[in-house]
Amino acid sequence: MYLPRQLISHLYLQLLRSHHPLSPPVLILVALEPDALCACRILTTLLKRDYIPHKIQPVAGYGDLARAGKDLVQPMQTTNGGSGGVVVCLGVGGLVDLGEILGLSQPEDEVEDMGGVEIWVFDARRPWNLGNVFGGQAGIGQAMAEIDVNARRHGRGVDKGCITPAYTSKSGGIVVFDDGDIEEELRNEREAYYALLDMPEVDEDDASDDGDMDDDDMPSGSKKRKSWSGREDEDESEDEDGPPRQRKRSNSGSSMVSSPSRRRRPAINSSNSSRSATPTTDSPSPQVPSTQTLKRRLIRMKRKHETVLQSYYAAGTSYSEPISSLLYSLASELGREDNDLLWLAIVGVSSLELSGRTMTGVSISNALESGGSAGWGGQRGEHIRQVLRDEVHRLNPPDPNERDRDIRGEINGVIPTTARSPTDTSIRLSPEPRFLLVRHWSLYESMLHSPYLATRLHVWTENGRKRLHKLLAKMGISLTQCHQFYTHMDMELKRVLRGRLLKYAPMYGLDGLVPPEPSGHASSREGWGFVRCWGWKACLSATDIGVILGAMLEVGPNEASGAWDVKRLPRARGSNDEIDNSGGSGESDLASLLPRFWSAYDALSLTSESPTLLMDALPLAQHLHRAILRTGTSLLSKHQIRHLRAFRIAVVKDGPDVKLFTNPGALTKLALWIAEAIRVQEREKGDSKIGRKRAAGTPLVLAGLDEDRDLYVVVGTGGGGGVVDFAAISKRQEGRRRKKEAKEKKQKERADRRAKRAAERAGRDGSDAEEEESEQSESSSESESEDEDPSGKKHLVRNRFGIAFQEVVQETSARVRIDSFDHCVVEVQKDDLGGFLEALSFRSVVG
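The residue numbering used here restarts from 1 in each chain and proceeds along that chain's sequence as written. Two thresholds apply to this predicted model, a pLDDT of at least 70 for residue-level local features and 80 or more for giving and counting side-chain atom pairs, whereas whole-chain, interface and lining totals are computed over all residues. Heavy atoms from the whole structure form the basis of all side-chain values; hydrogens and water molecules are not counted.

Caption draft 1: Spotlight on the overall build of the protein. Helix and strand assignments come from DSSP, with helices taken as H or I runs of at least 4 residues and strands as E runs of at least 2, each series counted from the N terminus. Within the protein one finds 31 helices and 22 strands. For the protein, the proportion of its 847 residues judged to be buried stands at 55%. Residue pairs at least 24 apart in sequence account for 79% of intrachain contacts in the protein once pairs closer than 6 positions are excluded. Just so you have it, the protein exposes about 35,300 Å², and 50% of that area is on carbon and sulfur atoms. Classification of residues uses two cut-offs on accessible area relative to the type maximum, computed with a 1.4 Å probe and protein chains only: under 20% is buried, over 50% is exposed, and between them is partly exposed. It only takes one pair of heavy atoms within 4.5 Å for two residues to be counted as in contact. For the area figures, the Shrake-Rupley method with a 1.4 Å probe applies, and any residue is considered shielded solely by the protein chains shown.

Caption draft 2: Structural detail: unusual backbone geometry. For the bond running from Arg126 to Pro127, omega is 15 degrees, close enough to zero to count as cis. For Pro127, the position within the fold is in the loop between strand E6 (125–126) and helix H5 (130–134). A positive phi is found at Lys160, a non-glycine position, where the angle reads about 50 degrees. Tracing the chain through its elements places Lys160 in the loop between strand E7 (158–159) and strand E8 (162–163).

Caption draft 3: Main features of the pattern of salt bridges. Basic side-chain nitrogens of Lys or Arg form a salt bridge, by our definition, when they fall within 4 Å of a carboxyl oxygen of Asp or Glu. In the structure shown here, the tally under the stated rule is 34 salt bridges. With its nearest N and O atoms 2.9 Å apart, the salt bridge here joins Asp50 to Arg336. Placement of Asp50 in the loop between helix H2 (34–49) and strand E3 (54–59) and of Arg336 in the loop between helix H13 (323–333) and helix H14 (339–354) is noted, with a sequence separation of 286 residues between them. Judged by its relative accessible area of 14%, Asp50 falls in the buried class. In this structure, the salt-bridge partner of Arg532 is Asp340, at a minimum N-O distance of 2.9 Å. With Arg532 in strand E15 (residues 529–533) and Asp340 in helix H14, this residue pair connects regions lying 192 residues apart in the sequence. By relative accessible area, Arg532 is classed as buried at 6%.

Caption draft 4: Region of the structure containing the pairing of E3. Two strands make a pair as long as DSSP finds a minimum of two bridges between them. The pairing of strand E2 (residues 26–31) with E3 spans 6 bridges and is classified as parallel. When the sheet's bridge partners are listed, Leu27 is paired in E3 with Lys55. Look down the strands so they point away from you; if going from the first strand over the helix to the second traces a clockwise path, that crossover is right-handed. In this fold, the crossover linking E2 to E3 by way of H2 has right-handed handedness.

Caption draft 5: Here's a closer look at the nonpolar core. Only buried residues count toward a nonpolar core, which is a set of Ala, Val, Leu, Ile, Met, Phe, Trp, Tyr and Cys residues joined through side-chain atoms within 4.5 Å. If you look at the biggest cluster of nonpolar residues, it comprises 209 residues, and the most contacted ones within it are Leu90, Ile119, Leu443 and Leu840. Per-element tally for this core: the top contributor is helix H26 (residues 664–684), with 10 residues. In this structure Ile119 touches Val87, Cys89, Leu98, Leu102, Leu104, Met114, Gly173, Ile174 and Val175, once residues within four positions along its chain are discounted.

Caption draft 6: Up close: the sheet that holds strand E14 (residues 427–430). Strand order in the open sheet formed by 3 strands is E14-E15-E16, and the pairing between neighbours is antiparallel. Edge positions in the sheet fall to E14 and strand E16 (539–541), since each of these pairs with one other strand and no more. Neighbour-to-neighbour, the strand axes of the sheet open up by a mean angle of 30 degrees, direction not taken into account. Pairing between E15 and E16: 3 bridges, direction antiparallel. Paired with Arg532 across the bridge in E16 is Leu540. Where H14 meets the sheet, it contacts E14, E15 and E16, and its direction lies at approximately 135 degrees from that of E15. Sheet contacts for helix H22 (residues 542–554): E15 and E16; angle to E16, the most-contacted strand, approximately 80 degrees. Here an axis means a line fitted to C-alpha atoms, over the contact stretch when the element is a helix, while the angle between two N-to-C directions is reported on a 0 to 180 degree scale.

Caption draft 7: Quick look at the packing of aromatic side chains. Two rings from Phe, Tyr or Trp (for Trp, the six-membered ring) form a pair when their centres sit within 6.5 Å of each other. Planes less than 30 degrees apart are called stacked, planes more than 60 degrees apart edge-to-face, and all others tilted. Within the structure shown, the criterion is met by 16 aromatic pairs. Considering the side-chain rings of Tyr2 and Phe134, the 6.1 Å spacing of their centres and the 85 degrees angle between planes classify their relative orientation as edge-to-face. Taken together, the positions of Tyr2 in strand E1 (residues 2–3) and Phe134 in helix H5 put the pair 132 residues apart, joining distant regions of the chain. Tyr2 gets classed as buried once you look at its relative accessible area, which sits at 1%. Where Phe134 meets Tyr194, the ring centres are 6.3 Å apart and the plane angle is 65 degrees; that geometry is what we call edge-to-face.

Caption draft 8: Region of interest: helix H12 (residues 291–314). Compared with an ideal rise of 1.5 Å per residue, which puts 24 residues at 34 Å, H12 spans 34 Å between its outermost C-alpha atoms and is within 8% of the ideal. Downstream of H12 by a residue or two, Gly316 has a phi angle that is positive, lying close to 105 degrees. Helix span, as expected, comes to 1.5 Å for every residue beyond the first.

Caption draft 9: Looking closely at the environment of Ile52. Examined against the element boundaries, Ile52 turns out to sit in the loop between H2 and E3. Classification of Ile52 as buried rests on a relative accessible area of 4%. Considering only alpha carbons, one finds Ile52 and Ser23, 29 residues apart in sequence, at a separation of 8.8 Å.

Caption draft 10: Representation of the packing of helix H8 (residues 187–198) against H12. Between H8 and H12, whose axes approach to 9 Å, the crossing angle comes to 135 degrees. Classified by the interaxial angle, the pair formed by H8 and H12 is oblique. Seen along the crossing, H8 lies across H12 with a hand that is left-handed. Contacts between H8 and H12 pair Asn188, Glu189, Ala192, Tyr193, Ala195 and Leu196 from the former with Lys302, His305, Glu306, Val308, Leu309 and Tyr312 from the latter. Residues are grouped as follows: Ala, Val, Leu, Ile, Met, Phe, Trp, Tyr, Cys and Pro are nonpolar; Asp, Glu, Lys and Arg are charged; every other residue, Gly included, is polar. Residues of the contact of H8 with H12, tallied by class, amount to 7 nonpolar, 2 polar and 3 charged. Between 65 and 115 degrees an angle is taken as roughly perpendicular, under 35 as roughly parallel, over 145 as roughly antiparallel, and anywhere else as oblique. In this scheme the crossing of two helices becomes right-handed for a clockwise turn of the near helix relative to the far one and left-handed for an anticlockwise turn of less than a right angle.

Caption draft 11: Quick look at the environment of Trp120. Mapping Trp120 onto the fold places it in strand E5 (residues 117–122). Residue classification places Trp120 among the buried positions, given a relative accessible area of 4%. Between the alpha carbons of Trp120 and Val176 there is a distance of 6.0 Å; along the sequence they are 56 residues apart. Sequence-distant contacts of Trp120, defined by excluding residues within four places in its chain, comprise Leu11, Tyr12, Leu15, Val86, Val87, Val88, Cys89, Val175 and Phe177.

Caption draft 12: Expanded view of the confidence of the model for the protein. For every residue, the pLDDT score states the predictor's confidence, bounded by 0 at the bottom and 100 at the top. The predicted model of the protein has a mean per-residue pLDDT of 77, with 71% of residues at 70 or higher. By mean pLDDT, helix H11 (residues 270–277) is the weakest element of the protein at 35, and E2 is the strongest at 96. For residues 140–155, every residue scores under 50 in pLDDT, and the model assigns this stretch 24 contacts once sequence neighbours within four places are set aside. In the model, residues 262–281 has pLDDT below 50 throughout and makes 45 contacts with residues more than four positions away in sequence or in other chains.

Caption draft 13: Up close: the side chain of Glu432. Inspection of the secondary structure assignment puts Glu432 in the loop between E14 and helix H17 (443–448). N or O atoms closer than or at 3.5 Å make up a polar contact, with two conditions inside protein: a donor-capable atom paired with an acceptor-capable one, and, for residues adjacent in sequence, both atoms drawn from side chains. Separated by 2.5 Å, the side chains of Glu432 and Ser430 make a polar contact. A polar contact is formed between the side chain of Glu432 and the side chain of Arg439, at a distance of 2.5 Å.

Encoded structure:
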């Protein structure tokens with residue numbers, strides 16, 4: 001089921017009304033990422049204000065999610081002696097069948113009974129698991145043959161998966177909180193899902209005997225398809241009789257691609273089918289189509305709908321609205337919004353750009369060229385940021401006594417570094433340049449470690465460093481001044497810094513280094529960032545906090561301020577701790593991540609002490625980005641980035657920072673830094689053909705060696721630039737050729753059948769005429785659907801590494817574990833990396 005955006009507070013208000021002192025606590029499952037952390041803080045603040053007990057459980061991957069389901073969620077079921085309750089998933093499980101992975105329902109069950117457990121899903125990852133979105137209703141399988149279709153669709157306040165105001169939480173279920181995508185973009189998928197759900201069982205083998213269909217024309221959604229879950233079932237059956245194998249196991253793959261399952265499909269008798277399929281006519285004695293004719297029509301409809309669902313899943317991964325923004329909408333709908341919750345939403349939204357979460361998956365966003373804090377989502381992302389800017393002006397009105405000074409500062413574009421007073425905790429807009437931690441570093445270090453500036457000036461070369469020095473010289477800033485802490489620089493230089501950047505940065509290809517001059521209303525400052533002060537204690541931008549939180553989650557808690565110790569890395573596992581058959585990480589993995597999560601969670605505290613913990617973690621963030629610059633410089637300067645058939649590949653296996661990049665988050669940031677540098681290099685060559693190739697988005701694969709576990713952590717990102725995805729092109733061409741041949745073959749067979757019928761009978765009856773007309777209309781509609789792009793996102797080149805990884809796992813003997821919620825991250829056994837990459841190079845990795 002899904003909850004539309006306009007009813008976002010409906011379930012929370014029901015929880016508030018039904019809560020009592022003996023109610024079980026709300027269980028919150030949180031992913032280890034800044035956006036989910038900020039969303040968790042917003043939700044727990046609401047629950048505390050309403051005196052609703054809750055429990056927070058960090059979840060690092062699918063293995064942890066399955067264990068949480070077994071240890072925490074299943075005991076809540078009324079069928080297991082519990083009293084039901086609510087489970088909230090923040091950044092967790094949107095891509096998989098949650099009922100199955102949490103153990104609340106089994107595929108072989110005739111009746112889906114959630115045991116009074118209701119799961120709320122907030123996730124920005126796409127594609128949605130459509131079983132969660134349009135299914136997920138408890139009791140949907142019971143007595144299906146006796147329940148009318150319309151009553152089933154509209155019962156319990158649910159209309160074809162959409163929750164209505166009449167819905168009440170009683171028997172539980174899975175509820176996806178819609179940010180607008182489902183209502184606006186999944187209409188075709190919704191109709192296809194329910195059409196398949198209402199179809200009776202049909203034996204396609206019998207229908208294919210008459211020559212209408214061949215196995216080669218079977219779509220991937222038909223019975224001939226071997227699903228990922230089917231592959232896992234094979235492995236499990238083989239493992240029962242033999243020794244455990246360490247290969248091709250994946251928690252995520254079991255439910256990522258799902259259509260309405262057989263246990264959820266109602267059993268419609270043949271009489272109903274005949275009535276629904278029989279055409280109505282004014283003729284007094286219509287000719288009833290034969291059973292074979294009806295079966296052929298049904299199979300054509302079934303394959304058409306399955307193709308719609310399969311196309312949705314095959315498009316690749318992407319990211320939609322940040323869940324921290326969605327939780328702030330919930331707080332606003334409840335009338336609970338304030339500066340603290342607004343600031344958490346701003347930090348969550350700002351953090352997405354740092355980790356490459358875009359509308360095309362984990363990749364470089366083309367919006368990075370627009371200037372200032374471009375963010376994650378193009379026009380939609382800018383619309384959300386504009387709403388946040390409006391909220392800042394509404395909740396932080398200017399002080400009349402300080403109004404003139406504030407206006408002068410905004411006009412001059414001075415970056416605020418201090419509060420207005422010792423008690424000032426307001427949020428302000430700031431013309432933030434794309435420098436890294438500029439308030440807490442020297443201007444030179446901040447510019448040098450800025451991914452946007454470093455990749456465009458080629459700072460990994462000697463000439464690149466000279467260009468940086470020339471830019472500073474043109475702006476009239478001496479090396480002595482720029483090596484001081486920014487807060488200690490000459491005040492006059494800080495006042496004129498933005499104006500000089502606007503004047504001289506375009507000479508070096510840095511047009512988007514600072515946001516443009518504001519135009520129109522004061523609140524419409526496109527590209528401007530957000531800053532908050534805690535009196536005289538600290539002044540931090542939202543991006544600064546996003547950088548710090550990311551470092552705390554990816555590197556570890558900063559136990560000793562200003563120091564770095566390898567003991568803070570994840571606990572080393574022995575060489576015998578190889579990838580297990582269950583595909584889940586060991587419990588020691590989560591144990592090593594728990595201190596990171598709680599350290600970052602405490603740093604986001606809404607009390608006055610929160611800046612202290614954030615400021616203490618600053619050296620950790622600086623260390624991480626120094627390591628990114630060192631390692632990226634080494635790979636580029638030594639030409640260690642190779643070209644494979646479909647992507648570029650680089651391996652981090654030596655150097656002082658190799659252990660640091662065993663964490664997927666840190667490795668992803670390094671991959672994005674390198675990919676941006678490659679794209680800039682290719683663009684500067686000035687070749688028009690290369691420019692067209694870059695527009696298609698070239699992937700980059702980066703592998704980091706983990707010596708302690710004898711494996712490579714591999715991440716695949718899009719947008720590297722410069723190389724065509726030959727695998728994708730050849731696959732599309734082959735698909736078009738086969739589709740054209742199949743269409744010509746089908747037309748020829750239809751013509752032969754018509755000629756045969758005409759020879760056998762003198763005239764046509766109504767049934768044959770109708771069948772011919774139906775076939776022609778279906779073929780025309782299929783051709784139209786191929787040309788149309790109902791979602792309007794045909795131009796987006798999405799990251800398909802998750803799908804490509806699954807295909808390689810199925811077809812090779814590589815020992816691979818896919819446990820991350822980002823399916824573009826996998827772990828490959830050290831000895832199998834070469835074969836894995838070779839097989840991957842023949843896959844389509846961007847869509």
